[in-house]
Protein chains: 2
Amino acid sequence: MNNNPYELNPQVQDQDYIQQLSVDCVIFGFHQNQLKVLVSRFKNTDLWGLLGGYVRQQENIDDAAKRILYDTTRLEGIYLEQYHTFGEYDRTSNEQLQLILQKNQISIEDSHWMLRRFVSIGYYALVDFSQVQPSPGFLCDICEWYDLQQLPTLVLDHEIMIRKALACLQGGLDQKLVGFSLLPETFTMAELKILYETILAKKIRMNNFQRKILDLNILERIEKKYTGAAHKAPYLYRIAQRDKIIDSV
Amino acid sequence: MNNNPYELNPQVQDQDYIQQLSVDCVIFGFHQNQLKVLVSRFKNTDLWGLLGGYVRQQENIDDAAKRILYDTTRLEGIYLEQYHTFGEYDRTSNEQLQLILQKNQISIEDSHWMLRRFVSIGYYALVDFSQVQPSPGFLCDICEWYDLQQLPTLVLDHEIMIRKALACLQGGLDQKLVGFSLLPETFTMAELKILYETILAKKIRMNNFQRKILDLNILERIEKKYTGAAHKAPYLYRIAQRDKIIDSV
């Protein structure tokens, strides 16, 4: 029995948090030519959710998002962007939260602030899939990557949050060059093109794409990739000036 | 003496609002070739602020913004966009709020939620300058338009809020065609060009601009403008499909 459902640390008290405000993180990764999102399953249920948490009284909201991301991925310094705040008054008024608490034998009063209406600040993060060590959120037992096309049943408006984060990612792809944050340190032009095609859900012509990307002057060509057929081996690239890209919060 | 500083209506109680959360609106207008913002002066001080307010427990955050806008401008159905949530933990920890309360003989306890740290959801609105009837916010005596280059002393981080709203407006100008919302119903191509130049703070070539705008297929050319020199009179335009533009909250 745990009567302190929003933190494992029993020292943390109600008044340490801003009530009725939360932060939710849409964590995107790219693997096997699929854009994926990291979600966590609530113990003893089939309900999944984004990785989220509350904001401490002495904490900037951006730092709350970074803390949640670190707890979930063990990564620091990753691309993170606040994209929208979700505040429909009835977004949290469903029985899913009650069910989750009940299934985990957590008893809090109906009037507890955790069961009241919440406004949630949405952030999206772009991570190198291969670097992440997923760690389930509190009250959760599994943390897994899901294809955007095959999401499990998500609580509250978390699916809407993911769709909107994707739209913002698509919108910022050219302007902010954010896509690179989803790739490992080195990549081929073909891999980069597939990433763009996957995010934008459309085909791109290689010649135009390669010219546009190289014109940005942020890539460094490093060496021939060994494939066994040397004359066809594609070049590998890496970001020469990563600080130009990581300009998020 | 007024002990209920956040609403004129004494029926409204603390628990009707989400605590530590506010909405602030950056209201842009365009007049005499200047981009202007509507701000309100706090009574008995030289401090100005954006028009803002709190979110009722049974109210969507977008509806809170619309309510604040209506109270301030008497306009409905105007272009409104949530652009960023401001949540540095120390953004409200200054003495300005205390001073405003003191100067207006409002006494509330130091521990009152109104004096605690606030997270504020920023919206920007684009209005037809000529249609607005400015109405001061609560605790304010004047509501006026200011040039962006000549802002008065603003409380808290309101100047940062305005700068960021401008950046978002600039970013969305081409993509979302939001600029038209700042113009009266009819306008010349030259007026539209000046609007774009003012928002973007750079010169634009007329030929390219006119072609780009006309290619959007959203303008209707309505009649010759009478200037006394008929052969030089510019065409007047209006938006043929305004619903294509007003896609905000």
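Keep in mind that this is a model prediction, so the values were computed, not measured.

Student: How should the overall build of chain A be read in this particular structure?
Tutor: The helix and strand tally for chain A stands at 5 helices and 10 strands. Burial statistics for chain A: of 249 residues in total, 52% are counted as buried. Of the contacts made within chain A by residues no fewer than 6 positions apart, 73% connect residues no fewer than 24 positions apart. In the structure as shown, chain A presents an accessible area of about 12,400 Å², 44% of it carried by carbon and sulfur atoms.

Student: Mind showing me how you'd approach the relation of the copies chain A and chain B here?
Tutor: Look at the two chain copies: a rotation about an axis and a shift along it is all it takes to match them. Once chain A has been moved 0.0 Å along the axis and rotated by 180 degrees, it coincides with chain B to within an RMSD of 0.0 Å. What the rotation and shift describe, once combined, is the action of a two-fold rotation axis. Residue by residue, 100% of the interface of chain A is reproduced at the interface of chain B, so both copies engage with the same surface.

Student: Any chance you could explain the interface of chain A and chain B here in plain terms?
Tutor: Often the size quoted for an interface is simply the accessible area lost on bringing the parts together. At the interface, 26 residues of chain A touch 26 residues of chain B. The interface formed by chain A and chain B contains 0 salt bridges. The interface formed by chain A and chain B contains 19 residue pairs in polar contact (both at pLDDT 80 or more). For the side of chain A that touches chain B, the secondary-structure elements that each account for two or more residues are strand 1 (17-31), strand 4 (51-56), helix 1 (61-73), strand 5 (79-86), strand 6 (119-126) and helix 3 (158-176) of chain A. Counted by class, the side of chain A that touches chain B contains 8 nonpolar, 12 polar and 6 charged residues.

Student: What is the right way to read the packing of helix 4 (residues 189-200) of chain A against helix 5 (residues 206-215) of chain A from this model?
Tutor: Packed helices, taken two at a time, are described by their axes: the angle between them and the distance between them. Residue and element names in this part refer to chain A. Contact geometry of helix 4 with helix 5 gives a least axis separation of 11 Å together with a crossing angle of 100 degrees. Here helix 4 is positioned roughly perpendicular relative to helix 5, judged by the angle of their axes. For the pair formed by helix 4 and helix 5, the contact residues are Met189, Ala190, Leu192, Lys193 and Tyr196 on the first element and Met206, Phe209, Gln210, Ile213 and Leu214 on the second.

Student: Looking at this structure, how should I read the confidence of the model for chain A?
Tutor: Predicted coordinates in regions of low pLDDT should not be interpreted in detail. Residues and elements named next belong to chain A. The pLDDT averaged across chain A works out to 85; a share of 87% of its residues lies at or above 70. This stretch, residues 1-11, has a pLDDT under 50; its non-local contacts, to residues over four places away or in other chains, come to 32 contacts. The ipTM value of the predicted complex is 0.85, and its pTM value is 0.87.

Student: Help me understand helix 1 (residues 61-73) of chain B in this model?
Tutor: A rise of 1.5 Å per residue sets the reference length of helix 1 of chain B, with its 13 residues, at 18 Å; its end C-alpha atoms lie 18 Å apart and thus fit the reference within 8%. Buried residues of helix 1 of chain B: Ile61, Asp62, Ala64, Ala65, Arg67, Ile68, Leu69, Thr72 and Thr73 of chain B, and no others.

Student: I tried to follow the pattern of salt bridges on my own but got confused; where do I start?
Tutor: If charged atoms from side chains of opposite charge come close, those side chains can pair. Residues and elements named next belong to chain B. Tallied over the full model, the rule gives 16 salt bridges over all chains. Two residues, Glu220 and Arg238, come together in a salt bridge whose shortest N-O distance is 3.4 Å. Linking Glu220 in strand 9 (residues 219-224) with Arg238 in strand 10 (residues 235-239), this pair joins segments that are 18 residues apart in sequence. With a relative accessible area of 33%, Glu220 lands in the partly exposed category. On the basis of relative accessible area, Arg238 is assigned to the partly exposed category, the value being 29%.

Student: Mind showing me how you'd approach the nonpolar core here?
Tutor: Taken as a class, soluble globular proteins show a tendency for nonpolar side chains to be buried jointly. Residues Val23 and Ile27 of chain A together with Val23 and Ile27 of chain B are the most contacted members of the largest nonpolar core, which totals 50 residues. Those residues in contact with Ile27 of chain B that lie beyond four places of it in its chain are Lys36, Val37, Leu38, Leu51, Leu69, Thr72, Thr73, Ala125, Val127 and Trp145 of chain B. Formed by 41 residues, the second largest nonpolar core is a distinct cluster that contains Leu50, Phe86, Leu173 and Phe187 of chain A.

Student: Whenever I open this one, the environment of Tyr123 of chain A confuses me. Can you help?
Tutor: Residues and elements named next belong to chain A. Checked against the element boundaries, Tyr123 lands in strand 6. Not counting residues up to four positions away in its chain, the partners in contact with Tyr123 are Val23, Asp24, Cys25, Val26, Ile61, Asp62, Ala65, Leu80, Glu81, Gln82 and Tyr83. Side chain to side chain, Tyr123 and Asp62 meet in a polar contact 2.5 Å long.

Student: Hey, could you run me through the packing of aromatic side chains in this one?
Tutor: To describe a pair of aromatic rings, you give the distance between the ring centres and the angle between the ring planes. Within the structure shown, the criterion is met by 20 aromatic pairs over all chains. Where Tyr196 of chain B meets Phe209 of chain B, the ring centres are 5.1 Å apart and the plane angle is 65 degrees; that geometry is what we call edge-to-face. With Tyr196 of chain B in helix 4 (residues 189-200) and Phe209 of chain B in helix 5 (residues 206-215), this residue pair connects regions lying 13 residues apart in the sequence. You can call Phe209 of chain B buried: its relative accessible area is 2%. Through pairs of rings, three or more aromatic residues link up here, namely Phe28, Tyr79, Tyr83, Phe86 and Tyr124 of chain A. The lysine or arginine in question, Arg221 of chain A, covers the ring of Tyr235 of chain A, its NZ or CZ lying 3.6 Å from the ring centre.

Cut-offs used in this document
Residues numbered from 1 in each chain as written. Chains lettered and ligands numbered in written order. Predicted model: local features only at pLDDT ≥ 70, side-chain atom pairs only at ≥ 80, totals over all residues. Heavy atoms only, no water. Helix = DSSP H or I, 4+ residues; strand = E, 2+ residues; numbered from the N terminus. Buried < 20%, exposed > 50% of the residue type's maximum accessible area, 1.4 Å probe, protein only. Contact = heavy atoms within 4.5 Å. Areas by Shrake-Rupley, 256 points an atom, 1.4 Å probe, with all protein chains shown as cover. Least-squares fit on C-alpha atoms with pLDDT ≥ 70 in both. Salt bridge = Lys/Arg side-chain N within 4 Å of Asp/Glu carboxyl O. Polar contact = N/O pair within 3.5 Å; in protein donor to acceptor, adjacent residues only side chain to side chain. Nonpolar A, V, L, I, M, F, W, Y, C, P; charged D, E, K, R; others polar. Axes fitted to C-alpha atoms, helices over the stretch in contact; angles between N-to-C directions. Parallel < 35°, antiparallel > 145°, perpendicular 65-115°, else oblique. pLDDT = per-residue confidence, 0-100. Expected span 1.5 Å × (residues − 1). Core = buried A, V, L, I, M, F, W, Y, C linked by side-chain atoms within 4.5 Å. Phe/Tyr/Trp six-rings, centres within 6.5 Å; stacked < 30°, edge-to-face > 60°. Lys NZ or Arg CZ within 6 Å of the ring centre and 35° of its normal.

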